[in-house]
Amino acid sequence: MVKISSTQPIRGLFWFRNDLRTHDLPALSQLCEHVEELAFVYVMAAEKEYRTVEDVFSTKPVLPNDRRAQFLNESIDDLRYKLRRLGQELLVLRGDSVTQLSSFCQQNNVSYLGLTDHSGFNERVQVKALDEILVHTRVIIGEGTSLIDEKELPFSISDMPATFSPFRRKLEKSLERTDDALAPSPMVTQLPPPFLHNVSPNVSANNQVTKQFTGGESAALRHLDNYFKHSHQASVYKETRNALDTWEHSTKFSPWLAHGCISPKTILKALVEYEEAIERNENTYWIYFELLWRDFFLHLQKRHTKSWFAFDGINGTVPSTDFRQSEFQRWCDGNTGYEIVDACMKQLSATGYMSNRGRQLVASCLVHELNLDWRYGASWFEHSLLDYDVASNWGNWQYLAGVGCDPRGYRQFNLEKQTQMYDPNGEFRNRWLT
Ligand SMILES: Cc1cc2nc3c(=O)[nH]c(=O)nc-3n(C[C@H](O)[C@H](O)[C@H](O)COP(=O)(O)OP(=O)(O)OC[C@H]3O[C@@H](n4cnc5c(N)ncnc54)[C@H](O)[C@@H]3O)c2cc1C
């Protein structure tokens, strides 16, 4: 139940999307400078706003599976807990974001709407629509999703290098890992008072660290601490990151990054502190290198908008693949007959996670062995991955399908050779195929 107070000082609304945290939110800091009362909102899409995995001609998002929905709910609960400790509330609205937010702002005389930038095509269309409808509300958009803010890039989005290596080289020429531009923005410790007095269930922080994924900022920050302060995994990261299983062998930041429970700048800060206190080597550099890949896809997607989801991709190469439902279903279920692929797909179904190497192998299998349209594979990942991220998922799939940013243009993995390299004793296959 929501009550509105009778006085009407200057009101602001902060809209959470994939930034479900209270740290490193530049738009929130800016909003606080302008408003006397504040509210926080998350808009949960209704089922009809999603598409099915098979409807690849739509740019709508794919309905997430229950595991990802649970991670999202945990993240929202934790955010609500954090906001309450700052004297605030989180309102969860249901339905279409533009309709819900425009009527909320109009009904509550909201003068400022704050939000974090999002690279996704649909998400950007929504913000544009809101900006047009809300003539009496100023929209404040902050950075916070990428490691390198758009304004810090040494080129404009329209001049983005088409492949990763020149992107990285140009960035590394213009920015040091320790530059202030890459530091998280100061934490907001005091918030303007709420104008909503919301009665909703009590929640507590979920900050347990078990070797599994629990949604929320508290769990994300505990995992960060665990990784850099209570382990030396960063010192061997590059050597272990390709392993198909084992929690410790890669950082496992991705689900929290995808939901914004942690910001990439916060991860970089912890990495730099680790390098200063413990060790700086090629392995620690490689964590930064991978975060740059994430940024590359994120900024590149802004340039290519809708073609991020197109069959012929961002480079306009029409693949010779097609779609056959029963073969696709066998791939989803882990019944292709390629054991390494089947084990990875069963791991995905059971956990919501798959290693980077595993993702490359199953994607290569779908496109190059089964000759299936890559968009169905990307959609299945979107449905199933806990760390689903529109930029990284569709960007990597395009790369593997030869329609994206791969300078080689074609990448087929030799599955037999890869099995010998990454699962020589069959441990991984035995674990997931029996
Ligand atoms: C077909 C395919 C689909 C993918 N879909 C997604 C997705 O939806 N969401 C997602 O976050 N990642 C995706 N990736 C990238 C990568 O597989 C995961 O980020 C990584 O496996 C997550 O585990 P980690 O956090 O332990 O990664 P680590 O190896 O520890 O890397 C650290 C961080 O760097 C970033 N990163 C690492 N590799 C990549 C990469 N290839 N592209 C972009 N960022 C990277 C991630 O943010 C990751 O958390 C995909 C890769 C492929 C090949």
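Here the structure is a predicted model, which is why all the values come from computation and not from measurement.

We now examine the overall build of the protein chain. Secondary structure assignment for the protein chain yields 17 helices and seven strands. A compact globule built from 434 residues should have a C-alpha radius of gyration of about 22 Å, and the protein chain, at 22 Å, falls within 12% of that. Going through the 434 residues of the protein chain one by one, you find that 44% of them count as buried. Sequence separation of at least 24 residues holds for 78% of the intrachain contacts in the protein chain that already meet a minimum separation of 6.

Moving on, we get to helix α1 (residues 26-34). Since the α-helix packs 3.6 residues into each turn, any two residues three or four apart lie on the same face. Buried within α1 are the following residues: Pro 26, Ala 27, Leu 28 and Leu 31. Taken together, the buried residues of α1 touch β2 (11-16), β5 (110-116) and β6 (138-142).

Attention shifts here to the site of the ligand. Around the ligand lies a shell of 29 residues, among which Ser 250, Thr 251, Ser 254, Asn 393 and Asn 396 are the nearest. Class assignment for the residues of the shell around the ligand results in 13 nonpolar, nine polar and seven charged. Residue contributions to the shell around the ligand reach at least three from each of two domains, namely domain 2 (158-183 + 218-302) and domain 3 (313-433).

A word on the sheet that holds strand β4 (residues 90-94). Spatially, the five strands line up as an open sheet ordered β4-β3-β2-β5-β6, and their pairing is parallel. Edge positions in the sheet fall to β4 and β6, since each has one partner strand and no second. Averaged over neighbouring strand pairs, the angle between their axes works out to 30° when direction is ignored. Note that β2 and strand β3 (residues 37-44) share six bridges and pair parallel. Residue pairing in the sheet places Trp 15 in a bridge with Val 41 of β3. Lying over the sheet, helix α3 (residues 97-107) contacts β2, β3, β4 and β5, oriented at roughly 160° with respect to β3.

Structurally, the protein chain comprises domain 1 (2-145), domain 2 (158-183 + 218-302) and domain 3 (313-433). Relative to domain 3, the C-alpha centre of domain 1 lies at a distance of 33 Å. Each side of the interface is counted separately: domain 1 has 12 residues, and domain 3 has 12 residues. Of the residues belonging to the side of domain 1 that touches domain 3, the class tally is six nonpolar, three polar and three charged.

In this section: the packing of helix α9 (residues 264-277) against helix α10 (residues 282-304). In contact at an axis separation of 10 Å, α9 and α10 are set at 165° when each is read in the N-to-C sense. Judged on the interaxial angle alone, α10 and α9 are roughly antiparallel. For α9 against α10, the interelement crossing comes out left-handed. In this structure, α9 uses Pro 264, Ile 267, Leu 268, Leu 271, Tyr 274 and Glu 275 to contact α10, whose residues at the interface are Thr 284, Ile 287, Tyr 288, Leu 291 and Arg 294.

In the contact formed by helix α5 (residues 164-174) and α10, the axes pass within 10 Å of each other and the chain directions differ by 110°. The angle between α5 and α10 places the two elements in the roughly perpendicular class. As α5 runs across α10, the sense of the crossing is right-handed. Mapping the contact onto sequence places Phe 164, Phe 167, Arg 168 and Leu 171 in α5 and Leu 292, Trp 293 and Phe 296 in α10. Across the contact of α5 with α10, the residue classes break down as six nonpolar, no polar and one charged.

This part takes up the pairing of β2. Each regular strand displays side chains that alternate between the two surfaces of the sheet. Among the six residues in β2, six count as buried, and that is most of the element. With burial as the criterion, each face of β2 is covered, one bearing Arg 11, Leu 13 and Trp 15 and the other bearing Gly 12, Phe 14 and Phe 16.

So, on to α10. Compared with an ideal rise of 1.5 Å per residue, which puts 23 residues at 33 Å, α10 spans 32 Å between its outermost C-alpha atoms and is within 8% of the ideal. The first or second residue beyond α10 is Thr 305, which carries a positive phi of 35°.

Let us look at the environment of Ser 307. Within the secondary structure layout, Ser 307 lies in the loop between α10 and α11 (325-333). With 18 C-beta atoms packed within 10 Å, Ser 307 lands in the partly exposed category. Beyond its immediate sequence surroundings of up to four residues, Ser 307 is in contact with Gly 313 and Ile 314.

Thresholds, definitions, all that
- Residues numbered from 1 in each chain as written.
- Predicted model: local features only at pLDDT ≥ 70, side-chain atom pairs only at ≥ 80, totals over all residues.
- Helix = DSSP H or I, 4+ residues; strand = E, 2+ residues; numbered from the N terminus.
- Rg over C-alpha atoms; globule rule 2.2 N^0.38 Å.
- Buried ≥ 20, exposed ≤ 12 C-beta atoms within 10 Å, placed from the backbone.
- Contact = placed C-beta atoms within 7 Å.
- Near = placed C-beta within 6 Å.
- Nonpolar A, V, L, I, M, F, W, Y, C, P; charged D, E, K, R; others polar.
- Domains from an automatic or database assignment.
- Pairing = 2+ DSSP bridges.
- Axes fitted to C-alpha atoms, helices over the stretch in contact; angles between N-to-C directions.
- Parallel < 35°, antiparallel > 145°, perpendicular 65-115°, else oblique.
- Left-handed = near helix turned anticlockwise from the far one by under 90°.
- Expected span 1.5 Å × (residues − 1).

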